[in-house]
Amino acid sequence: MTIFEAKKFIAKKIESVSQTPFLDAEIFLQEILCKDKTFILMNKNFALNQSQEKKIFEWTSAREKGLAVAYIVGKKEFFGYDFFVNQNVLLPKADTEILVSRAIEIISEKIAANENRILTVCDMCTGSGCIALSVFRTLADCERVPSERLPQFTMADISLDALSVAKKNAEILLYGKENSRVKFIQSNLFEAVPFSFDVILANPPYIPHEEARALLADGRGEPLLALDGDVSREGDFSGTNDGLEVARRLALEAKSHLAPNGFLLMETGEYNADAAANFLRLHNFCGVEILRDLEGQKRVIVASL
């Protein structure tokens, strides 16, 4: 089987489940052959060996069943970095990058304004760790932020399996003493988190209960726990079905874990961003603003105390 034949085979098999079958095929070939896109495009008659063909069949079969490409290849690009992913975590989405960008701005400003202490940052519902680690890596690579001024990061999630993914990504993206700046805590929101923070980052589940289940019917493989926003503290259906039950609890708990002049940055769905923002205003958060994602949809809430 040549690259040309493999690409044609994959695309034909997955065209009913993928909106980008040829792109998916190219990604598979790049990963399996350990070659870049240019090689795949310029060497259509390159012959795959037997083990490579076997992997093509296995991966194509998994994609036919709806499994997301990133889960199959085991990684997803986010904010310019490659993150290890598996089905224990939500796949990083480009829309979340607006939260990371704003967090970097806020934290950089606070570092400059607080020369006598180290800032503290919490990434609640950390999942793959893509938010906290993208912020950390960007700050660490910034010449204006000395290494000794890097914040202390706490990455928390209710899922131990998700935390294991976040830890693996920290091992990939952090170097040497940087690892001492990050700690991991299994916690049902802030239940097991005893600290206060200058900045709290969060991408909690925010899809309405019924819609979350419908989304997974295509076999994409994302964990329901990371999608369903209508789950009570005990893990049952809250009965709200607006996608904001977890976000409301998170916001109320964040109030007692934010330092004076602290910031909360929280992603919400485009259909409930206004409701989330109004909830924060009702509970005495200040300067509440809504940031729009790459498609112009309301996506991230920024607020302070």
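Residues numbered from 1 in each chain as written. Predicted model: local features only at pLDDT ≥ 70, side-chain atom pairs only at ≥ 80, totals over all residues. Heavy atoms only, no water.

A. Expanded view of the sheet that holds strand 9 (residues 298–304). Taken together, the seven strands give an open sheet; going across it, the order is 5-4-3-6-7-9-8, and neighbouring strands pair in mixed fashion. Strands with a single pairing partner mark the edges of an open sheet, and in this sheet they are strand 5 (182–186) and strand 8 (286–292). On average, adjacent strands in this sheet sit at an angle of 15° to one another, irrespective of strand direction. Where strand 3 (residues 120–124) and strand 6 (residues 197–202) come together, four bridges link them in parallel fashion. Within strand 6, the position partnered with Val-121 by the bridge is Val-199. Where helix 6 (residues 97–113) meets the sheet, its contacts fall on strand 3, strand 6, strand 7 (258–267), strand 8 and strand 9, and the angle it forms with strand 7 comes to roughly 165°. Lying over the sheet, helix 7 (residues 130–140) contacts strand 3, strand 4 (152–157), strand 5 and strand 6, oriented at roughly 165° with respect to strand 4. (Pairing = 2+ DSSP bridges. Helix = DSSP H or I, 4+ residues; strand = E, 2+ residues; numbered from the N terminus. Axes fitted to C-alpha atoms, helices over the stretch in contact; angles between N-to-C directions. Contact = heavy atoms within 4.5 Å.)

B. Representation of the packing of helix 6 against helix 7 in the model. Two elements in contact, helix 6 and helix 7, have axes separated by 10 Å at closest approach and are oriented at 50°. When the interaxial angle is binned, helix 6 and helix 7 end up oblique. With respect to the hand of their crossing, helix 6 and helix 7 are arranged in right-handed fashion. Of the residues in helix 7, those in contact with Leu-99, Val-100, Ala-103, Ile-104, Ile-107 and Ser-108 of helix 6 are Ile-131, Ser-134, Val-135, Thr-138 and Leu-139. Looking at the contact of helix 6 with helix 7 residue by residue, the class counts come to eight nonpolar, three polar and no charged. (Parallel < 35°, antiparallel > 145°, perpendicular 65-115°, else oblique. Left-handed = near helix turned anticlockwise from the far one by under 90°. Nonpolar A, V, L, I, M, F, W, Y, C, P; charged D, E, K, R; others polar.)

C. Region of interest: the pattern of salt bridges. Under the counting rule described, the total for this entry stands at 22 salt bridges. A salt bridge links Asp-274 to Lys-298; the nearest nitrogen and oxygen atoms lie 3.1 Å apart. Separated by 24 residues along the polypeptide, Asp-274 in helix 11 (residues 273–282) and Lys-298 in strand 9 bring together distant segments of the chain. Residue classification places Lys-298 among the partly exposed positions, given a relative accessible area of 23%. The network of salt bridges with common partners includes Asp-95, Glu-267, Glu-270, Asp-293 and Arg-299. (Salt bridge = Lys/Arg side-chain N within 4 Å of Asp/Glu carboxyl O. Buried < 20%, exposed > 50% of the residue type's maximum accessible area, 1.4 Å probe, protein only.)

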